[in-house]
Number of protein chains: 2
Amino acid sequence: MNLIFTDRFRFFMKFYFAFDSEESTRSKCAEITGMTYTQDLEEADVVFFGPKPQFGKKTRILQRLYAGTDDLDLTSIPPGITLLSNAGGYNEPVSETVFALLLSHYKKICKHDSDMHAGIFKKQEVETLFGKKIGIFGFGGIGQQVARTAIALGMEVSAFSRHRTEFPFVKWHSSLESLAASVDILVVCTPLSPETRGIINASLLSRFKGQCIVNIARANIVDQDAMLTYLSQHKDRFYLSDVWWNEPNIKA
Amino acid sequence: MNLIFTDRFRFFMKFYFAFDSEESTRSKCAEITGMTYTQDLEEADVVFFGPKPQFGKKTRILQRLYAGTDDLDLTSIPPGITLLSNAGGYNEPVSETVFALLLSHYKKICKHDSDMHAGIFKKQEVETLFGKKIGIFGFGGIGQQVARTAIALGMEVSAFSRHRTEFPFVKWHSSLESLAASVDILVVCTPLSPETRGIINASLLSRFKGQCIVNIARANIVDQDAMLTYLSQHKDRFYLSDVWWNEPNIKA
């Protein structure tokens, strides 16, 4: 979490949790910040929130627990209140999800797991990530942690982002199209914004010659209709993700 | 594969495959080694084998494709023939299996996968490997690749092996007992030998306070009865493995 108080008055400040929280979490937060927990929103100087911001008369700071802020209505927050995002707070957990999806896919973990539960021990051809080409779209904290892990696994790593960041062993591309055309695996790690909404569309997919697209960012960076059409036309290609369009109502 | 020929006569040598092989595999092997493929075992200078060694009158070299040699009857091989193991040939693929098992377990990938196939999108508490303590028992090529990956993931890495190998960021233990007592995750990467058979027994398990034991080496390094008893008594502990006792007849 990026809440850094240099304010020496913080020991007199009170915080409120705008989400279900356990006492252990509140104690930990009090210990780290030096502030006191309050149950009364009106008394809170600082409000920690997840899905929705809340504030009382005394509130000066809103600290979000999620990494993204794309879903927030910023106009609802009065000008006197500072809103802090939690960018960077999930670099490692989210990067781990990328490799959880990739490794369980390539090693057929779910198939082996259900086989073993049925009493069947059957060796099957599996593939390695070692030596495969991975392309990272969006190279902030999560993208960089994906790169770090991929390098340790012996993958060939390349990247594209609006903000070019040099990184050891990573080959830089000057466009998303060029990145998508040259990799086995394309990982989407960019924030959702007006520029990235639906950017993985039919035209982009037509350039992708690899095996898997991984999206651990936001569902709407990928055009749903284009992806579903693409997958129905390419039975050997895979879309791995922990986000979904219109979640949690995924049938809609 | 560790087949390195400096022999300038290799261009006159013939190789035989003592297992089902596709033409593309044989061509690749011919290209790399400079040798010629033969279908006739009696003509073969070099025999590549998987489960069982075979040899003809001219055979000088047996090259195993598996990493281990624990299951071979070495007395069946005449003294004039050099047997080459394939140690190191699977460092990356096997190390990947360690993280495929760990990440799919901690991220509940199989549960999420079956939920999604049933049309359910449900967030669940998952854990990170980041910050967890991993202990590596056996520190050859596979153990070292496990260490390299674990370091990139931000894990605390420690190890024990009969042969002490210094490695950046890895804390060394002087016994398996001390390693097992201090980690969240214990990974078995040691060869099966008379010394390691059943070494993960009831006494060792009683010292383990962590969450998961991962065995990607050989099933019989772990005492089956001890492990099954341990798991039935500790419902919050997990055994993750791609090997099984008496495989493929796992019911026996």
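Each value, and the rule that gives it
Residues numbered from 1 in each chain as written. Chains lettered and ligands numbered in written order. Predicted model: local features only at pLDDT ≥ 70, side-chain atom pairs only at ≥ 80, totals over all residues. Heavy atoms only, no water. Salt bridge = Lys/Arg side-chain N within 4 Å of Asp/Glu carboxyl O. Helix = DSSP H or I, 4+ residues; strand = E, 2+ residues; numbered from the N terminus. Buried < 20%, exposed > 50% of the residue type's maximum accessible area, 1.4 Å probe, protein only. Pairing = 2+ DSSP bridges. Axes fitted to C-alpha atoms, helices over the stretch in contact; angles between N-to-C directions. Contact = heavy atoms within 4.5 Å. Buried area = accessible area lost by both parts, 1.4 Å probe. Polar contact = N/O pair within 3.5 Å; in protein donor to acceptor, adjacent residues only side chain to side chain. Nonpolar A, V, L, I, M, F, W, Y, C, P; charged D, E, K, R; others polar.

Draft legend 1. Looking closely at the pattern of salt bridges. As enumerated under the stated definition, the model contains 16 salt bridges over all chains in all. Of the charged contacts in the structure, one is a salt bridge between Glu247(A) and Lys123(B), with a shortest N-O distance of 3.7 Å. Pair noted here: Glu247(A) is in the segment after strand 11 (238-241) and Lys123(B) is in the loop between helix 3 (109-117) and strand 6 (133-137), and the two residues belong to different chains. For Glu247(A), a relative accessible area of 28% gives the class partly exposed. You can call Lys123(B) exposed: its relative accessible area is 67%. For Asp236(B), the salt bridge goes to Arg237(B), with nearest N and O atoms at 3.8 Å.

Draft legend 2. Region of the structure containing the sheet that holds strand 10 (residues 212-215) of chain A. All names here are of chain A. Overall, parallel pairing links the six strands, which are arranged 8-7-6-9-10-11 in an open sheet. The open sheet is flanked by strand 8 (170-172) and strand 11, the only strands paired with a single partner. Across this sheet, the average inter-strand angle for adjacent strands is 25°, counted without regard to direction. Across four bridges, the pairing between strand 9 (residues 185-188) and strand 10 is parallel. Counterpart to Leu 186 in the pairing with strand 10 is Ile 213. Of the strands in this sheet, strand 6 (133-137), strand 7 (156-160) and strand 8 are in contact with helix 4 (residues 141-152), which crosses strand 6 at around 170°.

Draft legend 3. Region of the structure containing the interface of chain B and chain A. Facing the 34 residues of chain B at the interface are 34 residues of chain A. Contact between chain B and chain A buries roughly 2800 Å² in total, counting both sides, with carbon and sulfur atoms accounting for 72%. If you look at where chain B meets chain A, you find four salt bridges. On inspection of chain B and its partner chain A, the count reaches eight residue pairs in polar contact (both at pLDDT 80 or more). Secondary-structure elements contributing two or more residues to the side of chain B that touches chain A are helix 2 (91-106), helix 3 and helix 4 (141-152) of chain B. Ranked by residue count, the leading element in the side of chain B that touches chain A is helix 2 of chain B, at nine residues. Grouping the amino acids of the side of chain B that touches chain A by side-chain chemistry returns 18 nonpolar, six polar and 10 charged.

Draft legend 4. Inspection of helix 3 (residues 109-117) of chain A at higher detail. All buried positions along helix 3 of chain A are accounted for by Ile109(A), Cys110(A) and Asp115(A). The elements touched by buried residues of helix 3 of chain A are helix 2 (91-106) of chain A together with helix 2 and helix 3 of chain B. Gly119(A), located one to two residues past helix 3 of chain A, shows a positive phi value of around 80°.

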